[in-house]
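# Chains, contacts and geometry: an overview
What follows is the residue order along each chain.
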Amino acid sequence: MKKLVLAAAVLTMAALPATAALAESTGPGCGVGTMIFKGQKGVLPQILAATTNGTLGNQTFGMSTGTLGCEQDGVVMREHEKDMYVAANMDQIKLDMARGGGEYLATLASLMAVAPEDQAAFFTLTKDRFAEVAAPADAKGLLARLDEALAADPVLARYAS
Amino acid sequence: MPRARAVRAVAACAALAAVLVVAPAARADGDPTYLTELIQKARAAHLSDDHYWHVLMHYRPRAWGGFLSEVDGADFFNAPDGKRNPEAELEATLAAFFAPLPEDENVQHPQCRFIGRYTWLNTQLHFDPERLPPQTCDRFRRWAGAIRPDTVVLVFPSAYLNNPPSMFGHTLYRLDRKDRPELLDYALNYAAQVPPDPGPFYAAKGLFGAYPGKFTIVPYYAKVQSYSEIENRDIWEYDLALDPDQIDRLLMHAWDLGPTYFDYFFVKENCSYHLLSLLEAARPDLDLTSRFHVWTVPTDTLRAVTEVPGLVTGIRFRPSRGTIIRAEQDALPKPQVRLARGLAAGRIDPEGDALAALPPKARALVLDLGHDYVLHREADANEAEAPVLAARAQDLLVARSRVDVTGEVPEVPVPDTPPHMGHGTQRLSVGGGSRDGSAFIQVGYRTAYHDFLDPTPGYDPNGQLQVLSVEGRAYVDEGRPALHRVTFLDIQSLAPWDGFFKPASWRVTADWRERRTGECGPCGAFGLRPGAGIAAALGHQVAYVFTDVDAAFGTGYDHRYALGPAAEAGFVGHLGPAGVVRAAVGYTRYALGDAMGERRFLLAQRVPVGHGAAVGFRFEGSDSPLVEAVEGQVEVHAYW
């Protein structure tokens, strides 16, 4: 029973920041940015909730209110793909960075269009400079630090945006 | 690569544009006399009786004749009686294709809104583009172009007892593109849209279709997060052999269904049922859903799919975070596991001497495990703990990044038996035995799903879930059969402690049992027994202790009821080819109603025989005044 209660509590807790951020996510962009600063835990439940509600615009496959503007008919818009992916998978990406590789980091590399022959260098860079790159708790901050680290690297500089 | 694809997409758009240029004068209204012609042609060809029309519309024959569509959203039908009239719907759909262009760019033209139907009717009736101008359907094409799967994977996150809709597992599709990392592929999911605060009648509402069920599309990583990272459910992936035309049909039909809904019935019209029906739209030669009449268990749908020759080309396993942690624990000697726990608890400094003393490889593993512990705990943390744990996880990762070992997750052993190879979920049992010297024979049938003694391969060894099981018994000296026991619901979730994971075990049983007492002869009692407990594992054996609340209602009791606390200690042992043994002793102190005590014991073993059968014995007894007896029986079970 305790597990049940726990599971419910986790869901509720995790959902709270996102709900709170919802009201503020009316500015330009798709809302992910706003939510990220509310703590990364809030983003995922939004995507996970995956609730489509007939009143939400006219999406064929909407994800949820929180991702409105990030996606069309359930497909994430190209310009938001990286932010949304990082926001939703922070823990796993950081773990891969510290370990020097893994599925989540390889996926990030692919989103940043890192060529297969540069992947190993990308893994090494994120491991070597982990302490500064992974310090931010939010996706935007992490991506900004990653950009700085890439820009300073002779081989990988071309992947900095 | 992306460039080549983009060029192709542009070419396709150009071709469509050309079609439009050929008939620029024809407004989308088209030629009304052409509609009459098409309808006549459709009638002559009996298109509304065509199997594929019924697949696209989800028409099912009704017991008393006629048809009824399973789709419940009115927006899915063009004819007012479209839900039950295939012919009227087909003709109204044709008429809708002649609609003028919508004024609002957000509203789809019927040709696009129902692109699966449009495409099929076009192959049957060969629409004249001059008289029925085709729409470009940019929105659909943009969507399909972004998803653009090369293959379709049937994904099965394993059963999860702590979430009622997931107790039997769940299924969804992943739409895989070869050049895209798996995590970024799209998951096509069908689920009940349950409001955030569903209230106490959630389960009952789900049973009776009170929630709308909808198809949704989300990145696969969102699904992996929820199953693998949060709920700790291992995921099985079944690759399906579908050719590009079949995948197109699946996508188009999914698009037709996207905006509408079905009433979601947990028992039959659930995720697995509708996923199969989508596969029927892709491959009309398959009949997968008609075998499911009353209920649809996800593992049974896996079986239905794997039974189609050549349909499943590969099966893969994606371990959950919990499974990975266990593999990491197993890979380390005990003192190092303790070190990792110390790190997770914040007692040991990740940069300190204890770790520095380890060789780099071991240090890396200990830090990995320590971090995974923290992450696991963070998932359940409250608001005060969460920031502390997040900072600790970060410190461990920083220390890990300084160890010059690039490490992947340790090799996680893949279970020998994928879920579709487990025993069938229906069970028929025949047995015979003796109760205090009276011989009896017994026959039982269970609709679903698994108990601890059933063959374990393919199932969670620590989960028991039985729904509607009926046992009848005839005593040789009485001659006539009588109902012995009806189990409405029986869930037992054993969650062993292992030093780090300290989960709670829980269970609940609702049943009716025959009571044989001197006063009322054979009579019965309803019982409801919820309980909580703890369990510990020693290798493949699990010992448990439960405390329950035992409520019994029936004419055999004084005041017609008895209520009190109960306790049980027991043991479930997995002996490989020798099957499973279970032993338990229990005591109930009925304090209210018919106040009395009852002591019980059980000893049972069941051994699998080939695939789909098992033999076993049960030896049990009770000293309750109502059922005081000792009985033993041998049983044969068949599963399908």
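Heads up: these notes are all about the structure in this document. Along each chain, residue indices are assigned from 1 in the same order as the chain's sequence is written. Labels follow written order: the first chain is A, the first ligand is 1, and so on. Per-residue local features of the predicted model are confined to residues with pLDDT of at least 70, and side-chain atom pairs are confined, for both listing and counting, to 80 or more; whole-chain, interface and lining totals are unaffected and use all residues. Side-chain measures were taken over the full set of non-hydrogen atoms in the model, leaving aside hydrogen atoms and water.

In DSSP terms, a helix is any run of H or I states spanning at least four residues, a strand is any run of E spanning at least two, and both are numbered starting from the N terminus. Looking only at helices and strands, chain B has 17 helices and 23 strands in total. Each of the three principal axes of chain B carries a C-alpha extent, and together these read 90 × 75 × 45 Å. Of all 640 residues assigned to chain B, the portion counted as buried reaches 53%. A separation of at least 24 residues holds for 63% of the contacts in chain B among residues at least 6 apart in sequence. For chain B, the accessible area works out to roughly 27,600 Å², and carbon and sulfur atoms hold 60% of it. Between the mean site of the 63 positive side-chain charges and the mean site of the 79 negative ones, chain B shows a separation of 2 Å. The buried label applies to any residue whose accessible area, calculated with a 1.4 Å probe on protein chains only, is under 20% of its type's maximum; exposed applies above 50%, and partly exposed to all values in between. Note on definitions: a residue-residue contact is assigned when non-hydrogen atoms from the two residues lie within 4.5 Å. In this description, accessible areas are obtained by the Shrake-Rupley approach with a 1.4 Å probe, and a residue is regarded as covered only by the protein chains that are shown. Only four residue types enter the tally: Lys and Arg on the positive side, Asp and Glu on the negative side; His and the chain ends are excluded. In this description, the location of a charge corresponds to atom NZ of lysine, CZ of arginine, CG of aspartate or CD of glutamate.

In this section: the overall build of chain A. Each helix and strand counted, chain A has 9 helices and 2 strands in total. Ordering the α and β elements of chain A from the N terminus gives α-α-α-β-β-α-α-α-α-α-α. Taken across its 161 residues, chain A has 54% of its residues classed as buried. When the accessible surface of chain A is split by element, carbon and sulfur atoms take 61% of a total near 6,600 Å².

The next subject is the packing of helix α10 (residues 244-257) of chain B against helix α11 (residues 271-282) of chain B. All names here are of chain B. Each axis is a line fitted through C-alpha atoms, and for a helix only the stretch in contact is used; angles between axes span 0 to 180 degrees, taken between their N-to-C directions. Two elements in contact, α10 and α11, have axes whose closest approach is 7 Å; the angle formed by their N-to-C orientations is 130 degrees. With respect to α11, the axis of α10 lies oblique. Here the hand of the crossing between α10 and α11 comes out right-handed. For the pair α10 and α11, the contacting residues are Gln 246, Arg 249, Leu 250, His 253, Ala 254 and Leu 257 in the first and Leu 278, Leu 279, Ala 281 and Ala 282 in the second. Gly is placed with the polar residues, together with every amino acid not listed as nonpolar (Ala, Val, Leu, Ile, Met, Phe, Trp, Tyr, Cys and Pro) or charged (Asp, Glu, Lys and Arg). In terms of residue class, the contact of α10 with α11 is built from 7 nonpolar, 2 polar and 1 charged. The labels follow the angle: roughly parallel below 35 degrees, roughly antiparallel above 145, roughly perpendicular from 65 to 115, and oblique for the rest. The hand of a helix crossing depends on one turn: near helix anticlockwise from the far one by less than a right angle means left-handed, and clockwise means right-handed.

Looking now at the pairing of strand β10 (residues 427-435) of chain B. Residues and elements named next belong to chain B. Judged by which residues are buried, β10 turns out to be one-sided: Arg 427, Ser 429, Gly 431, Gly 433 and Arg 435 face inward and are buried, whereas Leu 428, Val 430, Gly 432 and Ser 434, on the alternate face, are not. Strand direction decides the pairing type here: β10 and strand β11 (residues 438-450), joined by 9 bridges, are antiparallel. Paired with Arg 435 across the strands is Ser 438, a residue of β11. If you look at the hairpin formed by β10 and β11, you'll find 2 residues sitting between the two strands, and Asp 436 has a positive phi there, around 45 degrees. If DSSP finds at least two bridges between two strands, the strands pair. As defined by bridge partners, β10 adjoins strand β23 (residues 629-639) across 9 bridges and the pair is classed as antiparallel. Paired with Gly 433 across the strands is Gln 633, a residue of β23.

The next subject is the state of the cysteines. All names here are of chain B. The term disulfide is used for any two cysteine sulfur atoms that are within 2.5 Å. Taken as a whole, this structure holds 1 disulfide over all chains when the rule is applied. Disulfide pairing places Cys 112 opposite Cys 137 at an S-S distance of 2.1 Å. Taking the sign of the S-S torsion, -85 degrees for the link of Cys 112 and Cys 137, the bridge is left-handed. Of this pair, Cys 112 sits in helix α5 (residues 110-113) while Cys 137 sits in the loop between α6 (115-125) and α7 (138-147), and the two are 25 residues apart along the sequence. Of the two residues examined, Cys 112 and Cys 137, each falls in the buried class.

This brings us to helix α9 (residues 220-230) of chain B. An α-helical segment advances 3.6 residues per turn. Residues three or four places apart therefore align on the same side. Residues and elements named next belong to chain B. Summarising burial for α9: 10 of the 11 residues are buried, a large majority. For α9, the set of buried residues is Tyr 220, Tyr 221, Ala 222, Lys 223, Val 224, Gln 225, Ser 226, Tyr 227, Ser 228 and Glu 229. Downstream of α9 by a residue or two, Asn 232 has a phi angle that is positive, lying close to 55 degrees.

In this section: helix α14 (residues 334-345) of chain B. Residues and elements named next belong to chain B. For α14, with 12 residues, the first-to-last C-alpha span of 17 Å sits near the 16 Å given by 1.5 Å per residue. Gln 336, Val 337, Leu 339, Ala 340, Gly 342, Leu 343 and Ala 344 are the residues of α14 that are buried. In this structure, the buried residues of α14 make contact with α13 (321-331), α15 (353-356), α16 (360-379) and α17 (385-401). A positive backbone phi angle near 80 degrees is found at Gly 346, which sits one or two residues after α14. For a helix, the expected span equals 1.5 Å multiplied by the number of residues minus one.

Chain B puts 63 residues into the contact, and the matching count from chain A is 48 residues. Note: buried area is the sum, over both parts, of the accessible area (probe 1.4 Å) each one loses when the two are combined. Here chain B packs against chain A, burying approximately 4,700 Å² in sum over the two surfaces, 59% of which is carbon and sulfur. The salt bridge definition used is simple: a Lys or Arg side-chain nitrogen within 4 Å of an Asp or Glu carboxyl oxygen. Applying the counting rule to chain B against chain A returns 5 salt bridges. Note that B:Glu328 is salt-bridged to A:Arg99, the shortest N-O span being 3.0 Å. Here a polar contact is recorded for every N or O atom pair within 3.5 Å, except that within protein the pair must consist of a potential hydrogen donor and a potential acceptor, and residues adjacent in sequence are included only if both atoms are side-chain atoms. For the pair chain B and chain A, the interface holds 15 residue pairs in polar contact (both at pLDDT 80 or more). If one sorts the elements of the side of chain B that touches chain A by residue count, α9(B) sits on top with 8 residues. For the side of chain B that touches chain A, the per-class residue count stands at 31 nonpolar, 16 polar and 16 charged.

Bringing the sheet that holds strand β7 (residues 235-240) of chain B into the picture now. Sheet strands pair via backbone hydrogen bonds, and the direction of the pair is either parallel or antiparallel. Residue and element names in this part refer to chain B. Here we have 7 strands laid out as an open sheet, ordered β8-β6-β5-β4-β3-β7-β9, and antiparallel in their pairing. At either end of the open sheet lies a strand with only one pairing partner, and these are β8 (262-264) and β9 (312-318). Ignoring strand direction, the axes of neighbouring strands in this sheet form an average angle of 30 degrees. Two strands pair when backbone bridges link them, and strand β5 (residues 186-192) and strand β6 (residues 211-219) are joined in this way by 7 bridges, in the antiparallel orientation.

Residue and element names in this part refer to chain B. Only centres within 6.5 Å qualify two rings of Phe, Tyr or Trp (six-membered ring in Trp) as a pair; their planes then separate them into stacked at under 30 degrees, edge-to-face at over 60, and tilted for everything else. Evaluation of the coordinates by the stated rule reveals 23 aromatic pairs over all chains. Seen in terms of ring centroids, Trp 53 and Trp 120 are 6.2 Å apart; in terms of plane orientation they differ by 25 degrees. Their pairing is stacked. One end of the pair, Trp 53, is in helix α3 (residues 51-57); the other, Trp 120, is in helix α6, and 67 residues separate them in sequence. Look at Trp 53 and you get buried, because its relative accessible area is 0%. Aromatic rings pair up to connect Tyr 52, Trp 53 and Trp 120 into one cluster. Here, a charge over a ring means that NZ of Lys or CZ of Arg falls within 6 Å of the ring centre while also lying within 35 degrees of the ring normal. Just above the ring of Phe 76 sits the side chain of Arg 117; from NZ or CZ to the centre is 4.4 Å.

With that settled, the discussion passes to a nonpolar patch on the surface. Residues and elements named next belong to chain B. Taken together, the side chains of Leu 468, Val 470, Leu 483, Phe 488, Leu 489, Phe 526, Leu 528, Phe 553, Tyr 561 and Leu 592 define a hydrophobic patch exposed on the protein surface, amounting to about 830 Å² of accessible area. If you list the elements that add at least two residues to the nonpolar patch, you get β12 (463-475), β13 (481-493) and β16 (521-538). Tallying contributions element by element places β13 first for the nonpolar patch, with 3 residues. Relative to the helices and strands, Val 470 resides in strand β12. Classification of Val 470 by relative accessible area gives partly exposed; the value is 34%. Surface patches are drawn from residues lacking salt bridges whose relative accessible area is over 30%; two like charges belong together within 9 Å, two nonpolar side chains (Val, Leu, Ile, Met, Phe, Trp, Tyr) within 5 Å.

A word on the packing of α7(B) against α10(B). Residue and element names in this part refer to chain B. Contact geometry for α7 and α10: axes closest at 11 Å, N-to-C directions at 130 degrees. With respect to each other, α7 and α10 are oriented oblique. Two packed elements cross with a definite hand, and for α7 against α10 that hand is right-handed. Every residue of α10 that contacts α7 at Arg 139, Phe 140, Trp 143, Ala 144 and Ile 147 is listed here: Leu 251, Met 252 and Trp 255. Tallied by class, the residues present in the contact of α7 with α10 amount to 7 nonpolar, no polar and 1 charged.

So, on to the environment of A:Val76. Relative to the assigned elements, A:Val76 resides in strand β2 (residues 75-76). Considering only alpha carbons, one finds A:Val76 and A:Gly100, 24 residues apart in sequence, at a separation of 28 Å.

So, about the pattern of salt bridges. Two side chains carrying opposite charge are able to pair once their charged atoms lie near each other. Scanning all chains against the criterion turns up 48 salt bridges over all chains. A:Asp118 is the partner of A:Arg158 in a salt bridge, and the nearest nitrogen-oxygen pair spans 2.8 Å. Note that A:Arg158 is positioned in the segment after α9 (139-151) and A:Asp118 in the loop between α6 (103-111) and α7 (119-128), a separation of 40 residues in sequence. Looking at A:Asp118, the relative accessible area reads 9%, which means it is buried. Measuring nitrogen to oxygen at the nearest pair gives 3.2 Å for the salt bridge that ties B:Glu620 to B:Arg618. Since its relative accessible area comes to 21%, B:Glu620 is described here as partly exposed.

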